[in-house]
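Fold and geometry: a report
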Amino acid sequence: PESAKRAIDAFVQEEEPTDGLEVSAPEAYGYEFQSHGVIEMLEKLLDKFIAERTGLEKTEMNSKHAFDMLMQDLTAQIDQATQDREEKAELKAKTLQAKADALGDLEDTTTTRDADQKYLDDLTATCEQKATDFESRQQLRAEEIEAIEKAIEIISSSSVKGHAETYLP
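Owing to the predicted nature of the structure, the values given are computational and were not obtained by experimental measurement. (Residues numbered from 1 in each chain as written. Predicted model: local features only at pLDDT ≥ 70, side-chain atom pairs only at ≥ 80, totals over all residues. Heavy atoms only, no water.)

**Some thoughts on the overall build of the chain**
- Helix and strand counts for the chain stand at 3 helices and 0 strands.
- Counted from the first residue to the last, the chain has its helices and strands arranged as α-α-α.
- By element, 59% of the accessible surface of the chain is carried by carbon and sulfur atoms, the whole surface being about 15600 Å². (Helix = DSSP H or I, 4+ residues; strand = E, 2+ residues; numbered from the N terminus. Areas by Shrake-Rupley, 256 points an atom, 1.4 Å probe, with all protein chains shown as cover.)

**Some points on the pattern of salt bridges**
- Applying the stated rule across the entire model yields 6 salt bridges.
- Here Asp 68 and Lys 64 are joined by a salt bridge, their closest N and O atoms 3.2 Å apart. Of this pair, Asp 68 and Lys 64 are both found in helix α2 (residues 36-156), 4 residues apart, which corresponds to roughly one turn of the helix.
- Among the salt bridges present, the one from Lys 118 reaches Asp 122, with a minimum N-O distance of 3.4 Å. With Lys 118 and Asp 122 both in helix α2 and 4 residues apart, this pair spans about one turn of that helix.
- A residue is classified by how much of its surface remains accessible, and Lys 118, at 53% relative accessible area, is exposed.
- Here Asp 122 falls in the partly exposed class, since its relative accessible area comes to 40%. (Salt bridge = Lys/Arg side-chain N within 4 Å of Asp/Glu carboxyl O. Buried < 20%, exposed > 50% of the residue type's maximum accessible area, 1.4 Å probe, protein only.)

**Looking at a negative patch on the surface**
- A contiguous patch of negative charge on the surface is contributed by Asp 101, Asp 105, Glu 107 and Asp 108.
- Examined against the element boundaries, Asp 108 turns out to sit in helix α2. (Patch = residues over 30% accessible without salt bridge, like charges linked within 9 Å, V, L, I, M, F, W, Y side chains within 5 Å. Lys, Arg positive; Asp, Glu negative; His and termini not counted. Charge placed at Lys NZ, Arg CZ, Asp CG, Glu CD.)

**Thoughts on a nonpolar patch on the surface**
- Taken together, the side chains of Phe 67, Leu 70, Met 71 and Leu 74 make up a nonpolar region of the molecular surface, amounting to roughly 360 Å² of accessible area.
- Mapped onto the secondary structure, Leu 70 falls in helix α2.

**Topic: the environment of Leu 42**
- Looking at the secondary structure, you find Leu 42 in helix α2.
- Look at Leu 42 and you get partly exposed, because its relative accessible area is 47%.

**Overview of the confidence of the model for the chain**
- With 82% of its residues at a pLDDT of 70 or more, the chain shows a mean pLDDT of 86.
- Mean pLDDT values over the elements of the chain span from 68, in helix α3 (residues 158-167), up to 94, in α2. (pLDDT = per-residue confidence, 0-100.)

Following this line, the structure appears as structure tokens:
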């Protein structure tokens, strides 16, 4: 700092006695300390350095705290992302299994439906055939009954009845 430079320059520029013989006897109150400026400057520098160190330590602690918080946050994000990925993988596996099961069920159902449809078609054809056969037999029976009734009528008639008594024992 500029004030420190001035104090050092003032100390250096103090005049020293040039001739050793011209030195006068010391005064009665003793030696006067002349380094007050330097000591004051050093004390100010010490205070300034301590303040700077304290500030730097606070800054370092704040930076360390910010770093720790960032690491904690990133670790939490990584853990959450890992958990999400595992949940998605599990969900995907379940979905794929459900899809496979559904496809198997669909195939079974389709096969069963096709078999049932074939059975229904066969049964319908059989029923239609039997219904047609029944109708034709009914018609045949009706014609047979009509023929029998005619035969009974003919046999019961008086002309046939009279001859039957004659020729039959």
